[in-house]
Structure formats: C-alpha cells, structure tokens
Amino acid sequence: MFARKRNLIVIILQMALWILPLYAQVSFTARRDFFSGNTFAITLATGDFNNDQILDLVVSNYDAGTLVVLLGDGRGGFVYSAEYPAGRAPFFAAVRDLNNDGNLDVVVANFELPQVAVLLGDGQGRFSPSYFLVGDRNTGIAIDDFNMDGCWDIATANFGPFTVEDPCGQVANSVSILLGDCTGNFVPP
C-alpha cells in the first residue's frame, strides 16, 4: 500500500543521504548517495523550496549547526545548493509557509540551545534565519494554528534540563508554544 503512495525511500546513515527509487514493495534499484554536509545529518524534511514543482530536501547537520538545502533535479537526484546556520545541534525540522508569501519556510529544533531557528524561504531555495526562545533541549516541532487566528504557530517538545514541575513536585518535560503573526515572527502566548 505505501509503495503506491510514494515512489522514493529516503534513508540517512553514516552522514550520507540515500535515495532509493521504489519499484515494488520489496525490491529496490541500486542506491544513489547525495552529499548532505560534512557532519552528523540527523533529520530531513521535504518541500518545493525553489518553486520549480520538483521535490527538494533540507537536512539538519547536528554537529555543524546547519541546515543543508538539496535541490531536486526531477529525476530522483539532488544537488547540494547551500548551507544555512540553524542554531546549535539542530535536531528536527518541519516545513510550512509561515509568512504567507507562497514560499516554504523551515523551523528547526535545537537540542543544545533553548531556541528554534525559523528559516524564511525566498522561493529560490535560499533562506534567512532568525531565532526564537523555547524550552531547553527541544526535540520535536509541530506547526499548526493553535489560537485559531489564521496564522501558523509553533509547538516544541522539550527534554530538559527541566524547569516545569509535575503535580507530584518532580521536574518534568515541557512543551513550548510560540504564536505566529503571519509575517514569520513568533511570541509566547
């Protein structure tokens, strides 16, 4: 079933990005590797970042603190395009048009800093980063309209050091919320 919905399998291992065209549920063609930076690639996200109707990738490089853009060529291949600062130890990436300009943007969780990087896309595969404070060691991101004002908001799952106490008086994990203003800026509620 899933083989009919997607025709690519994407795997990241040993600092290389592998794209395997999927022809049946159990058979693969030979893999192709694409350069995704010189450090520990930990997560990736997909989108059409240069508005050419071809799928592109962004890869977060944990040790370098960067987000790498790989532009799709329309034949299952990807070309290294650029690398942008994304904070310290970028851990997770999510994609959405945060400022309503018709171009995809990327939000990156930073495991070693209490912040997220918001990289606003220009529609040509280039990004401008800015940073917003959230809880410590954020490991996941959700983007949705949490206050129902028509603008995208950001939620992060935070691992600690812990600043929120649970009902029993023990320290616990937390969730941070940033409310968007439809221009790419975010504030706490």
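As shown above, the structure is provided for reference.
Residues numbered from 1 in each chain as written. Predicted model: local features only at pLDDT ≥ 70, side-chain atom pairs only at ≥ 80, totals over all residues. Heavy atoms only, no water.

**Notes on the overall build of the protein chain**
From N to C terminus, the protein chain includes one helix and 17 strands. Here the protein chain holds 189 residues, and the buried ones make up 45% of them. For the protein chain, the exposed surface amounts to about 9800 Å²; the carbon and sulfur share of it is 56%. (Helix = DSSP H or I, 4+ residues; strand = E, 2+ residues; numbered from the N terminus. Buried < 20%, exposed > 50% of the residue type's maximum accessible area, 1.4 Å probe, protein only. Areas by Shrake-Rupley, 256 points an atom, 1.4 Å probe, with all protein chains shown as cover.)

**A look at the state of the cysteines**
Inspection of the entire model under this criterion finds one disulfide. A disulfide bridge connects cysteine 151 with cysteine 182, and the sulfur atoms are separated by 1.8 Å. For the disulfide bridge between cysteine 151 and cysteine 182, the dihedral angle about the S-S bond is near -105°, and by the sign convention the bridge is left-handed. Here cysteine 151, found in the loop between β12 (138-144) and β13 (153-158), pairs with cysteine 182, found in the loop between β16 (174-180) and β17 (186-187); they are 31 residues apart in sequence, far enough to count as distant. What makes cysteine 151 buried here is its relative accessible area of 8%. (Disulfide = S-S within 2.5 Å.)

**Section: the sheet that holds strand β9 (residues 105-110)**
In space, the four strands of this open sheet follow the order β8-β9-β10-β11, with antiparallel pairing throughout. Strands with a single pairing partner mark the edges of an open sheet, and in this sheet they are β8 (90-96) and β11 (127-133). Along the sheet, successive strands turn relative to each other by an average axial angle of 20°, direction set aside. (Pairing = 2+ DSSP bridges. Axes fitted to C-alpha atoms, helices over the stretch in contact; angles between N-to-C directions.)

**Description of the packing of aromatic side chains**
Tallied over the entire structure, the rule returns five aromatic pairs. For the ring pair phenylalanine 49 and phenylalanine 127, a centre distance of 5.7 Å and an interplane angle of 65° mean the geometry is edge-to-face. Of the two residues, phenylalanine 49 sits in the loop between β4 (41-47) and β5 (56-61) while phenylalanine 127 sits in strand β11, which places them 78 residues apart along the sequence. Take phenylalanine 49: its relative accessible area is 2%, and that puts it in the buried class. Take phenylalanine 127: its relative accessible area is 5%, and that puts it in the buried class. Look at phenylalanine 132 and phenylalanine 186: their rings are 5.5 Å apart centre to centre, the planes differ by 80°, and that puts the pair in the edge-to-face class. Here phenylalanine 186 lies in strand β17 and phenylalanine 132 lies in strand β11, a separation of 54 residues in the sequence. (Phe/Tyr/Trp six-rings, centres within 6.5 Å; stacked < 30°, edge-to-face > 60°.)

**Digging into unusual backbone geometry**
At glutamine 53, a position not held by glycine, the phi torsion is positive, near 65°. For glutamine 53, the position within the fold is in the loop between β4 and β5. A positive phi angle is found at cysteine 182, which is not glycine, with a value near 70°.

**Some thoughts on the side chain of asparagine 110**
Relative to the elements of secondary structure, asparagine 110 occurs in strand β9. Look past the residues within four positions of asparagine 110 in its chain and what remains in contact with it is Ala86, Gly87, Arg88, Ala89, Pro90, Gln115, Val116, Ala117, Arg137 and Asn138. (Contact = heavy atoms within 4.5 Å.)

**Thoughts on the nonpolar core**
In this structure, Val58, Leu67, Val106, Val108, Leu119 and Phe127 are the most contacted members of the largest nonpolar core, which totals 16 residues. Of all the secondary structure elements, the ones that give two or more residues to this core are β6 (66-72), β7 (78-85), β8, β9 and β10 (115-121). Beyond its immediate sequence surroundings of up to four residues, leucine 119 is in contact with Leu67, Tyr84, Pro85, Asp105, Val106, Val108, Phe127, Ser128 and Pro129. Residues Leu98, Val107, Ala109 and Val118 belong to the second largest nonpolar core, which totals 13 residues. (Core = buried A, V, L, I, M, F, W, Y, C linked by side-chain atoms within 4.5 Å.)

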